[in-house]
Amino acid sequence: MNHDEYEWQAQESALDGERRQRERSGDDPLVVRDRVIAAALAQAPAQQLPADFAAQVARKVQSLVELDTRFEQRVQTLLLAALALGVATVAVIYGAEWVQSGTRLMSGGANGSLHWLVAGSTCIGLSWLFARAQTTPVQPPAGLRRH
Amino acid sequence: MTDPATLAIDQALVHDVLAARAGAFERLVLTYQGLCWHVILRMVRHPDDARELCQEAFLRVHQCLNQYRGDSALKSWIAQVAYSVAKRHLERRRVPIADMPCEEDGLSAADRVADPVDLERAHADGEAAGLLHAAIADLAPLPRTILTLYHLEEMPIAEIASITGLAEGTIKSHLFRSRQHLRAVLERDIGAAA
């Protein structure tokens, strides 16, 4: 064993001795010196966080979350208003054309209406199937399962 | 290696915080504030800065908790966040984090061995502790933090390596050289006082 390895072993042995609160009397002199250092290193700093630090941080996080939620709600309202305005504008511009097309379609007889009814039902059915597939519950990790 | 029971407790706590259960985040902060404080205070040294950075670290933990995958203990993950917050703070202030203090007279620790009985007596008087705390404070931020994680938080070398992003050999080298330096300081000063 070279000198560095010997010193490393002494440092580790000192750390172990301090953790186990072993008597110092039987230790190698090098280990005795390192135990003084290990004891100092295991001491927590004198300065501490304020006693209500956790509560303060939790309150701050809560207020930030509320701020985020309020911001999201405002953006959502703004986007919905823009969407409604867009729909209204398009309806004003193309509304007359849509009414004419609808009237022509309905007057095409029962056969034409049936095709549109089948197409519409297929769309609704597929959307429902996709939504159902996405909402299938996922099993929580093994550590979180309640027995 | 973290035991499965600890990982299960960690995951349950993370699950509660992500589900916004009342008091869950405060519980998480209470559990890990000591660790966070030790890492940050050892890195930056100034208690006022450390308090602010500790708060910043927990805000970041809350923000990024959904990225915690449970591969390692929550303790390591939080220590990693605290370490990176403190490191960035020091980098912004251009404080070098890894310089070791120079040996003043070029002698190795072994050349300056004082009588261990003197050291024990000094330790009992609290004189050695005072000298050592001053010497620890004089170390560079990185070795000071590595010593704290290893001795105070009792983290294994592999975990410290993952927190700091350094190789295990580098961590061992920092531990070895820092403890050697502390011993040299202690022997020199106790020897001078005797």
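Residues numbered from 1 in each chain as written. Chains lettered and ligands numbered in written order. Predicted model: local features only at pLDDT ≥ 70, side-chain atom pairs only at ≥ 80, totals over all residues.

## Considerations on the nonpolar core
Okay, so step 1: Ranked by internal contacts, the top residues of the largest apolar core, which has 66 residues, are Cys36(B), Ile40(B), Ala57(B) and Ala82(B).
Okay, so step 2: With eleven residues, helix 2 (residues 24–44) of chain B is the largest single contributor of residues to this core. (Core = buried A, V, L, I, M, F, W, Y, C linked by C-beta atoms within 7 Å. Buried ≥ 20, exposed ≤ 12 C-beta atoms within 10 Å, placed from the backbone. Helix = DSSP H or I, 4+ residues; strand = E, 2+ residues; numbered from the N terminus.)

## Regarding the packing of helix 2 of chain B against helix 7 (residues 141–152) of chain B
Residues and elements named next belong to chain B.
Okay, so step 1: Taken N-terminus to C-terminus, the directions of helix 2 and helix 7 make an angle of 155°; their axes are 8 Å apart at the nearest point. Of the possible angle classes, the one that applies to helix 2 and helix 7 is roughly antiparallel. For the pair helix 2 and helix 7, the sense of crossing is right-handed. In this structure, helix 2 contributes His38, Val39, Arg42 and Met43 to the contact, and helix 7 contributes Pro141, Arg144, Thr145, Thr148 and Leu152.
Okay, so step 2: Residues of the contact of helix 2 with helix 7, tallied by class, amount to four nonpolar, three polar and two charged. (Axes fitted to C-alpha atoms, helices over the stretch in contact; angles between N-to-C directions. Parallel < 35°, antiparallel > 145°, perpendicular 65-115°, else oblique. Left-handed = near helix turned anticlockwise from the far one by under 90°. Contact = placed C-beta atoms within 7 Å. Nonpolar A, V, L, I, M, F, W, Y, C, P; charged D, E, K, R; others polar.)

## Here we look at the packing of helix 1 (residues 3–19) of chain A against helix 2 (residues 29–41) of chain A
Residues and elements named next belong to chain A.
Okay, so step 1: In contact at an axis separation of 8 Å, helix 1 and helix 2 are set at 60° when each is read in the N-to-C sense. The angle between the axes of helix 1 and helix 2 places the two elements in the oblique class. Judged by the twist between their axes, the crossing of helix 1 over helix 2 is right-handed. Across from Ala10, Gln11, Ser13, Ala14, Leu15, Gly17 and Glu18 in helix 1, the residues of helix 2 making contact are Leu30, Val31, Asp34, Arg35, Ala38 and Ala39.
Okay, so step 2: Class assignment for the residues of the contact of helix 1 with helix 2 results in seven nonpolar, three polar and three charged.

## Digging into the environment of Ile124(A)
Okay, so step 1: Its location among the elements puts Ile124(A) in helix 4 (residues 110–134).
Okay, so step 2: Spatially, the C-alpha atoms of Ile124(A) and Gly102(A) are 20 Å apart, while their sequence positions differ by 22 residues.

## Some thoughts on unusual backbone geometry
Residues and elements named next belong to chain B.
Okay, so step 1: Backbone geometry at Arg45 places phi at a positive 75°, although glycine is not the residue there.
Okay, so step 2: Relative to the helices and strands, Arg45 resides in the loop between helix 2 and helix 3 (47–64).
Okay, so step 3: Phi at Arg94 is positive, roughly 55°, even though this residue is not glycine.
Okay, so step 4: Locating Arg94 in the fold gives a position in the loop between helix 4 (74–92) and helix 5 (116–125).
Okay, so step 5: A tally of 6 C-beta atoms within 10 Å means that Arg94 is categorised as exposed.

## Digging into helix 8 (residues 157–164) of chain B
All names here are of chain B.
Okay, so step 1: Taken together, the buried positions of helix 8 are occupied by Glu159, Ile160, Ile163 and Thr164. All buried residues of helix 8 fall inside an arc of 125° around its axis, so they share one side.
Okay, so step 2: After helix 8 finishes, the residue Gly165 shows a positive phi value of roughly 75°. (Arc of directions from axis to C-beta.)

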